[in-house]
Amino acid sequence: MALYILPILLVLSLSGAEAAVFTLQNKCRNTIWPGILPGSGQIQLMNGGFQLNPGEVVNVTAPKKWSGRFWPRRFCKFDSAGNGQCLTGDCGGKLQCTGAGGAPPATLAEFTLDSPVDYYDVSLVDGYNVRVSIEPLSGTGPTCKPISCLAELNRLCPVGLQVKRNGHVVACKSACLAYNTPEYCCTGAYATPDSCKPTGYSKVFKAVCPTSYSYAYDDPTSTFTCQDGNYLIRFC
Ligand SMILES: *[C@@H]1O[C@H](CO)[C@@H](O)[C@H](O)[C@H]1NC(C)=O
């Protein structure tokens, strides 16, 4: 008997060690529609998007070495076939993004697992729409710690970067997105970490969200790693 059970236990424990669990939690007062975009060659998780009601928690399991990003979509309306639109973070008018990215500005939670450690960050490089945090629920390492952008950046958003609906700021563009200059986007003559420096706009983001990427070369203070982590991604 034990001879038959042993291999099964072995397979179960191995498969457990190979996957990472992303726990998505909606702490906002409104519904969030998380979008998920896998890195190139990676599998879709949850077909790329779903509805997450206030207070709801959903576990999403990723295979070993998965990479990709999660972002919140807000003010969405979808019909029963999953067609519609979101005011922020929309991915081609679909509930399930299935490979389509989110329209910026949107706050991003980015992951590259098992490379050989897990890299993760909260990025404002494409702007901000909703408060996002990442908390390792397990995992080890000196920089294996919670990170977030929990400031109400929509309220602090400089006038030139604001995206408005009915007079309210619903998202905040990055300076790169708003003005598309080499200096803000770290392109052309500014395409290296030495030449692309923080700007007045990126400093507004960094001041209130110090563990988030505020511009493309903001790596030293914005990239975190865990060995074998599971992660809580919280909206608001
Ligand atoms: C979700 O995943 C976490 C972390 O792995 C785990 O502690 C929790 O029990 C899971 N919850 C559900 C409902 O499966």
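Predicted model, so just to flag it, every value in this text is computed and none were measured.

About the criteria used
- Residues numbered from 1 in each chain as written.
- Predicted model: local features only at pLDDT ≥ 70, side-chain atom pairs only at ≥ 80, totals over all residues.
- Heavy atoms only, no water.
- Helix = DSSP H or I, 4+ residues; strand = E, 2+ residues; numbered from the N terminus.
- Rg over C-alpha atoms; globule rule 2.2 N^0.38 Å.
- Buried < 20%, exposed > 50% of the residue type's maximum accessible area, 1.4 Å probe, protein only.
- Contact = heavy atoms within 4.5 Å.
- Areas by Shrake-Rupley, 256 points an atom, 1.4 Å probe, with all protein chains shown as cover.
- Lys, Arg positive; Asp, Glu negative; His and termini not counted.
- Charge placed at Lys NZ, Arg CZ, Asp CG, Glu CD.
- Salt bridge = Lys/Arg side-chain N within 4 Å of Asp/Glu carboxyl O.
- Disulfide = S-S within 2.5 Å.
- Core = buried A, V, L, I, M, F, W, Y, C linked by side-chain atoms within 4.5 Å.
- 1 Å grid on protein atoms, 1.4 Å probe; cavity = no way out; pocket = protein on both sides within 12 Å on 5 of 7 lines; lining within 4 Å.
- Points joined across faces, edges and corners; volume = space filled by probe spheres on them.
- Nonpolar A, V, L, I, M, F, W, Y, C, P; charged D, E, K, R; others polar.
- Polar contact = N/O pair within 3.5 Å; in protein donor to acceptor, adjacent residues only side chain to side chain.

S.K.: Can you walk me through the overall build of the protein chain in this structure?
M.R.: Of the regular secondary structure elements, the protein chain holds five helices and 13 strands. Relative to the 2.2 N^0.38 estimate, which gives 18 Å for 236 residues, the radius of gyration of the protein chain is 19 Å and therefore close to what a compact globule would have. Overall, the protein chain is about 70 × 45 × 30 Å in size when its C-alpha atoms are taken along their principal axes. Every one of the 236 residues in the protein chain was classed for burial, and the buried ones make up 42%. When contacts within the protein chain are restricted to residue pairs at least 6 apart in sequence, those whose partners lie at least 24 apart make up 61%. With the model as given, the accessible surface of the protein chain reaches about 11700 Å², and the carbon-plus-sulfur share is 56%. Placing the 19 positive and 16 negative side-chain charges of the protein chain at their respective mean positions leaves the two points 9 Å apart.

S.K.: Please clarify how the pattern of salt bridges should be interpreted in this entry.
M.R.: Oppositely charged side chains can form a pair if their charged atoms are brought close together. Applying the stated rule across the entire model yields five salt bridges. The partner of Glu135 in a salt bridge is Arg234, with the nearest N and O atoms 3.8 Å apart. On the criterion of sequence distance, the pair formed by Glu135 in strand β8 (residues 132–140) and Arg234 in strand β13 (residues 224–235) is long-range, its members being 99 residues apart. When its relative accessible area of 30% is taken as the criterion, Glu135 is described as partly exposed.

S.K.: When you look at the state of the cysteines in this model, what are you seeing that I'm missing?
M.R.: Such a bond, covalent and formed between the sulfur atoms of two cysteines, is termed a disulfide. In this structure the tally under the stated criterion is eight disulfides. The residue that forms a disulfide with Cys28 is Cys236, at a sulfur-sulfur distance of 2.0 Å. Around the S-S axis, the bridge from Cys28 to Cys236 shows a dihedral of about 90° and counts as right-handed. On the criterion of sequence distance, the pair formed by Cys28 in the loop between β1 (20–26) and β2 (33–38) and Cys236 in the segment after β13 is long-range, its members being 208 residues apart. Of the two residues examined, Cys28 and Cys236, each falls in the buried class.

S.K.: Help me understand the nonpolar core, please; the structure alone is not making it clear to me.
M.R.: One broad trend across soluble globular proteins is that nonpolar side chains are buried collectively. Grouped together as the largest cluster of nonpolar side chains are 40 residues, with contacts concentrated most on Phe22, Leu24, Phe70, Phe111, Ile233 and Phe235. At the level of elements, β1, β3 (57–62), β6 (108–112), β7 (118–123), β8, β9 (147–149) and β13 are the ones that each hand at least two residues to this core. At five residues, the largest contribution of residues to this core is made by β13. With sequence-adjacent residues up to four places away left out, Leu24 is seen in contact with Pro34, Phe50, Leu52, Glu56, Val57, Val58, Val60, Phe70, Ile233 and Phe235. Of all hydrophobic cores here, the second largest spans six residues; its members include Leu37, Trp71, Cys97 and Leu108.

S.K.: For this particular structure, what's the right way to read the layout of surface pockets?
M.R.: Taken as a whole, the largest pocket spans an internal volume of roughly 510 Å³. Arg29, Arg74, Glu152, Asn154 and Arg155 are the residues nearest the centre of the largest pocket, which is lined by 18 residues in total. Breaking the lining of the largest pocket down by element, the ones donating at least two residues are β4 (67–78), α2 (153–156) and β11 (168–172). With three residues, β11 is the single largest residue contributor to the lining of the largest pocket. When grouped by side-chain class, the residues that make up the lining of the largest pocket number seven nonpolar, four polar and seven charged.

S.K.: Looking at this structure, how should I read the side chain of Ser212?
M.R.: Mapping Ser212 onto the fold places it in strand β12 (residues 212–213). Judged by relative accessible area, which is 0%, Ser212 ranks as buried. A polar contact is formed between the side chain of Ser212 and the backbone oxygen of Ser148, at a distance of 3.2 Å. Non-local contacts of Ser212, meaning those with residues more than four positions away in its chain, are made with Val122, Leu124, Ser148, Cys149, Lys206, Asp218 and Ser222.

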